[in-house]
Structure formats: structure tokens, C-alpha cells
Amino acid sequence: MPVVHEHGERMKRFKNKGKDTAALRRQRVEVNIELRKAKKDEQILKRRSISIVSLEKSPSPAEEKNIVPLSLEEIVEAVNGSNTSLQLQATQAARRILSRQKDPPLNQIIELGIIPRLVEFLSRTDSAALQFEAAWALTNIASGTSEHTRAVVEGGAIPAFISLLSSPHMHISEQAVWALGNIAGDGPLYRDALINCNVIPPLLALVSPVTPVGFLRNITWTLSNLCRNKNPYPPLEAVRQLLPVITCLLEHEDKEIVSDSCWAVSYLTDGSNDRIQIVVDTGILPRLVELMGSPEMIVMTPALRAIGNVVTGTDEQTQAAIDAGVLAVLPLLLRHTKPAIQKEAAWALSNIAAGPCQQIQQLITCGLLPPLVELLDKGDFKAQKEAVWAVANLTTGGTVEQVVELVQSGVLKPLLNLLLAKDSKTILVILDSISNLFLAAEKLGETERLCLLVEELDGLEKIEALQTHDNNMVYRAALNIIEKYFSGEETPDLQPGTDEDGLYNFSVEKQDFNF
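Procedures and definitions
- Residues numbered from 1 in each chain as written.
- Predicted model: local features only at pLDDT ≥ 70, side-chain atom pairs only at ≥ 80, totals over all residues.
- Heavy atoms only, no water.
- Helix = DSSP H or I, 4+ residues; strand = E, 2+ residues; numbered from the N terminus.
- Buried < 20%, exposed > 50% of the residue type's maximum accessible area, 1.4 Å probe, protein only.
- Contact = heavy atoms within 4.5 Å.
- Phe/Tyr/Trp six-rings, centres within 6.5 Å; stacked < 30°, edge-to-face > 60°.
- Lys NZ or Arg CZ within 6 Å of the ring centre and 35° of its normal.
- pLDDT = per-residue confidence, 0-100.
- Arc of directions from axis to C-beta.
- Core = buried A, V, L, I, M, F, W, Y, C linked by side-chain atoms within 4.5 Å.
- Patch = residues over 30% accessible without salt bridge, like charges linked within 9 Å, V, L, I, M, F, W, Y side chains within 5 Å.
- Areas by Shrake-Rupley, 256 points an atom, 1.4 Å probe, with all protein chains shown as cover.
- Salt bridge = Lys/Arg side-chain N within 4 Å of Asp/Glu carboxyl O.
- Lys, Arg positive; Asp, Glu negative; His and termini not counted.
- Charge placed at Lys NZ, Arg CZ, Asp CG, Glu CD.
- Polar contact = N/O pair within 3.5 Å; in protein donor to acceptor, adjacent residues only side chain to side chain.
- Expected span 1.5 Å × (residues − 1).

## Considering the overall build of the protein chain
Per the secondary structure count, the protein chain includes 31 helices and 0 strands. Out of the 515 residues in the protein chain, the part that is buried amounts to 57%. A separation threshold of at least 6 residues defines the contact pool for the protein chain, and within that pool the share at least 24 residues apart is 74%.

## With respect to the packing of aromatic side chains
The geometry of an aromatic ring pair is captured by the separation of the ring centres together with the interplanar angle, meaning the angle of the planes. Following the criterion strictly, the structure yields 4 aromatic pairs and no others. Seen from their ring centres, Trp263 and Tyr267 are 6.1 Å apart, and the 20° between their planes marks the pair as stacked. Taken together, the residues Trp263 and Tyr267, both in helix H16 (residues 255-268) and 4 residues apart, mark about one turn of the helix. Note on accessibility: Trp263 and Tyr267 belong to one class, buried. Centre to centre, the rings of Phe438 and Phe486 are 5.8 Å apart; their planes meet at 90°, and the pair counts as edge-to-face. On the criterion of sequence distance, the pair formed by Phe438 in helix H28 (residues 424-444) and Phe486 in the segment after helix H31 (472-485) is long-range, its members being 48 residues apart. An aromatic cluster of at least three residues, connected via ring pairs, comprises Phe438, Tyr485 and Phe486. A cation over a ring is seen here: Arg95 above Trp136, with NZ or CZ 4.0 Å from the ring centre.

## What about the confidence of the model for the protein chain?
In the predicted model, the protein chain carries a mean pLDDT of 87, and the fraction of residues at 70 or more is 83%. Below pLDDT 50 for its whole length, residues 27-42 participates in 25 contacts with residues either more than four positions away or in separate chains. Throughout residues 507-515 the model reports pLDDT below 50, and contacts reaching past four residues in sequence, or to other chains, amount to 24 contacts.

## As for unusual backbone geometry
The omega angle of the peptide bond from Asn231 to Pro232 is -5°, so this bond is cis rather than trans. With respect to the helices and strands, the residue Pro232 is situated in the loop between helix H14 (213-227) and helix H15 (236-249). Although it is not a glycine, Asn229 sits at a positive phi angle of roughly 80°.

## Overview of helix H20 (residues 315-323)
If you check which residues of H20 are buried, you get Gln317, Thr318, Ala321 and Ile322. Projected down its long axis, H20 shows its buried positions confined to an angular sector of 150°, all on one face. Exposed residues on H20 whose side chains face more than 90 degrees from its buried face are Glu316 and Asp323.

## A word on the environment of Ala90
For Ala90, the location among the structural elements is in helix H5 (residues 84-98). Between the C-alpha atom of Ala90 and that of Ser71, which follows or precedes it by 19 residues, the distance is 9.3 Å.

## Some remarks on the nonpolar core
Counting 160 residues, the largest nonpolar core has Phe161, Leu226, Met292, Val326, Leu330, Leu431 and Ile434 as its most contacted members. Discounting residues that sit within four places of it in the chain, Ile434 has contacts with Leu415, Leu416, Leu419, Ile463 and Ile481.

## Let's talk about the environment of Pro232
For Pro232, a relative accessible area of 45% translates into the label partly exposed. In this structure, the C-alpha to C-alpha distance between Pro232 and Asp192, residues 40 residues apart in sequence, is 9.2 Å. Excluding residues within four positions of it along the chain, Pro232 makes contact with Pro188, Arg191 and Asp192.

## Describing a negative patch on the surface
Side chains of Glu455, Glu456, Asp458, Glu461 and Glu464 sit close together on the surface and give a patch of like negative charge. For the negative patch, the secondary-structure elements that each account for two or more residues are helix H29 (447-456) and helix H30 (459-465). Mapping Glu455 onto the fold places it in helix H29.

## Concerning the pattern of salt bridges
Opposite charge on two side chains allows them to pair when their charged atoms are near. Scanning the model with the defined rule gives 18 salt bridges in all. Across the pair Asp260 and Arg47 runs a salt bridge whose closest N-O atoms are separated by 3.6 Å. Here Arg47 lies in the loop between helix H2 (32-42) and helix H3 (61-65) and Asp260 lies in helix H16, a separation of 213 residues in the sequence. Here Arg47 falls in the partly exposed class, since its relative accessible area comes to 22%. A salt bridge links Glu296 to Lys255, with the shortest nitrogen-to-oxygen separation between them at 3.5 Å. One end of the pair, Glu296, is in the loop between helix H18 (285-292) and helix H19 (297-310); the other, Lys255, is in helix H16, and 41 residues separate them in sequence.

## Here's the deal with the side chain of Thr447
Mapped onto the elements of the fold, Thr447 is located in helix H29. Not counting the four nearest positions on each side in its chain, Thr447 is found in contact with Phe438, Ala441, Glu442 and Tyr485.

## Considering the side chain of Arg191
Within the element layout of this structure, Arg191 appears in helix H12 (residues 188-196). Looking at Arg191, its side chain comes within polar contact range of the main-chain oxygen of Pro232, at 2.8 Å. Within the local environment of Arg191, its side chain forms a polar contact with the backbone oxygen of Tyr233, the two atoms lying 3.1 Å apart. Contacts of Arg191, omitting those with residues within four sequence positions, involve Ala184, Asn225, Leu226, Arg228, Asn229, Pro232, Tyr233 and Pro234.

## With respect to helix H8 (residues 128-142)
Helix length check: H8 (15 residues) gives 21 Å between terminal C-alpha atoms against 21 Å at 1.5 Å per residue, within 8%. Across the 15 residues that make up H8, a large majority, 15, are buried.

Given below as C-alpha cells:
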């Protein structure tokens, strides 16, 4: 069964801890689809323009009311005619149909065959109003499905819109930015088509201290769509062009601009270590960590995602995030009221826990164990699953002393309770963690005490129950623990006790357990 195979591959990597630290760091694979959906809610791929913006030469709302609606046939006739006034009237009528709040008839407009003509109108410098209305109409067509966007691109819109970025009329330039953002948001193919048509320099030229905030929001969103998508990633040269400006925009006071800048960085760090390094080298990690602590969800979410991506990288890249202060912010996020934030924070923590024991020690010193245990105990299940990986990584790569601290922080009870979960993969990771705890106990000569503790927490009962689990790997892992640690003679005189210094004590009566 696929779960077994996938889990086997993953556990194989965990067992090779000493040989390949990088293998312990997990990038999002199985949750990718779910995250893509979440991202669409949090950062919109495409935007449709439905309201009248403050415009130089477009009609006022009063004038809009006086516009006589044209039939589709009349629109086609006028658009294809040679009378500029009628062309404007028809283009405006098409734009108004496309700006309907509900179910705009994109297919009908495309089927009229007027897109190439609308693209022609983009270069009509003799009529700014016609340029603007055509740009607006095409923007809304491109905001639809991939088929709709393709119709606009195949109509020749990319070079025409890039030319409009340099329009002397700001509202036309802004409409071009919006349209290009919709085209870039469609996917890597059109994103790269834009980059190959040299969209970046004129786009970056629009960013200045005097750019109005509303315009700058649109520019930032379009820049973030140029950073978006994998298979393939954006060209490295484009990334190097975009990053300095995105770094500046991260410092802006407007939360929407900061949010889209954070999303841009999160896309750029969602890849190979050399791509993560380009971002680390900009020096923006401290700012991202600061933004992780923002009370604004639209800022905190992408900042956390970006830092979470960085700590999937090398030990050095993870250390850069630690040096930027990530461990001071994570406790708050692990206790956040929103389960999605808890989950992202636990995911980041699990990847930090996959590092060398020095980084694990920093994690412990910064007080991450109590919130981790709380999450295992009371968190949302998706967050608990990530927390389980954090425990697995810590028990795999930590020193015996660090594993003891984990046990003393009360991890066993919630960990054993999660053996009742329905998710086979999570159960396997927990059983692996329990095996690792026993390996540490063996080194300390404390195996029997740990056995007693597991029994007192009803853990043995739960592990025994897994012998009837329908997943063969779960059954075998549970059987292995029972045969290895629980099949011997009982030792009735063994009572929970303490060592002289109490450090290596696995006793339930020890205060540190807080059961």
C-alpha cells in the first residue's frame, strides 16, 4: 500500500541521521495540494477589476449611468469599425459586461473574436480612454481560467501591456501592472514568457517613494506572482533582479505591501538550498522573523512560511534563522489560536529539531519543549502531526541528555495518547520515537523505569492494541517494541525513584513531568 512505501522511504532517511542530516529536513510534499489551496485564499493568484478607480480620463459614475448598453453584435461591429468614438463606446460596453460582480460572460466575449482588436487598442496613444478601457477589459478576461488567460496572451497582449508600463498616464500604467499580474499568476509558462519579454526593469522602475500606496500594492502583488510557481522555478537572474526591491518593500508601512512581499520571499525560499541561500544572503531574515510576530495574520502567515522554508535548508541556513531570532517567536506561534499557524510553527520546529545537537540545545534553551508538549496534548490534529515529527527528529538527533529533558518535559503522555490516531504514518513516527526513547534509556541503564512509566501511562495497552492494526508496518513496529522491552519478567520491587542528581530520572513521580 502507498502509505507503507512512502513511510518506509521516509523512515529510511531518518535512520541515516548520522550520515545525512539534510535527509531529516522535510520539505512539503504530501501537504502541497492542501497548501496551494490555502495559499489561494491567503494570496490571490488573479484579480478582477470591478470598481471604477479614480481615473484621469475615464467617465465619472454619473457619465457611466448615461452609457447606452450595446448588444454583443453592436460591440463587435463598432470595435471592428474605424470610428474612434464608437470603438471607445463599444470597448467600454464590453468592459462593463466583464466587470459584473457575478458570473461575467468571459467565454461569450472571447467568442466574439475581439481580443486581437482590444490588444491593438492598447497601443492607441491618440486615445488614452480607449487604451484604458481595452486594458481594463483584457485584465478581467485574464483574471479567469487558464483558457481565458491564454486567449489574452495569444492575442498578443504581453508586449503591448509591457509597453504600457511606461505610459505617461498613471491609471493606464497601473491597469497594465494589474493585467500582467494576472498573466504571471496563471503559472510558470506565462510567468517566464513575461520575464523573457523583459517585464522586470519597467516594472521595478515604477517603484519609488512617490508611488501612491494603491498603485504600489498592485506592483508588489505582480512582483510576487513573478516569484511564484515551481516546475520550473523562476530564472535565477530574474530572482536576483527582483530581490533588492522586494527587500525594500518588506520595510514598507502598508500591511498589504508587506504581506505580498513576504509571499514573494516565501515562494523564492520554497526550493533548493542554493535558492534559499540567495535569500539568506540579502540579510532579510531578521526582518522576516520580526514580521512573524506581527498581529496581522496577512503578514504573519507568509513570514512564517518563508522562515519555515529557510529551515528546510542546510544546518548553516537554519542557524541563520536561529541567529535572526526565530526560536524566540515560535513559542507564541505554537500557542496561537489559529490551528493553521500552530501547524506551520510546528513544521518549522520539526525542521530545526532535525539539525545537529547544538541546534537542538538552542531549541531547548529557548523554552520550546513546553509549548511543543502542549501542542501534542491539545493541538489540532494537523498541528499534532507536525509536532510528532519534531519529537521524532529530536529523539533521533539529540544527545541522551537532551532526550531526557524531552521526557522530563512530559512528552510521553500526549505522545502515547496519539497512538489512538487513525493516521498510520503518524503512528509509525510515534513508535519510532518511542524506540528512540528506549535506546536512550538503555544507555542510562534506565530501561525498566521507562517500561514502568509507559505502562503507568497506559502506553503498553495502546502499543499492544496496535498488534491488530491493519497496516502491517504498524503491527511489526508495535510487536518489535513489545518483544524487545515488555516480554521479560516483571520486577515487582522496582518503584519509580530518582537518581542522586535527578537528571536521568524517568519517574512519573518526578515534579518535572507535570502529568
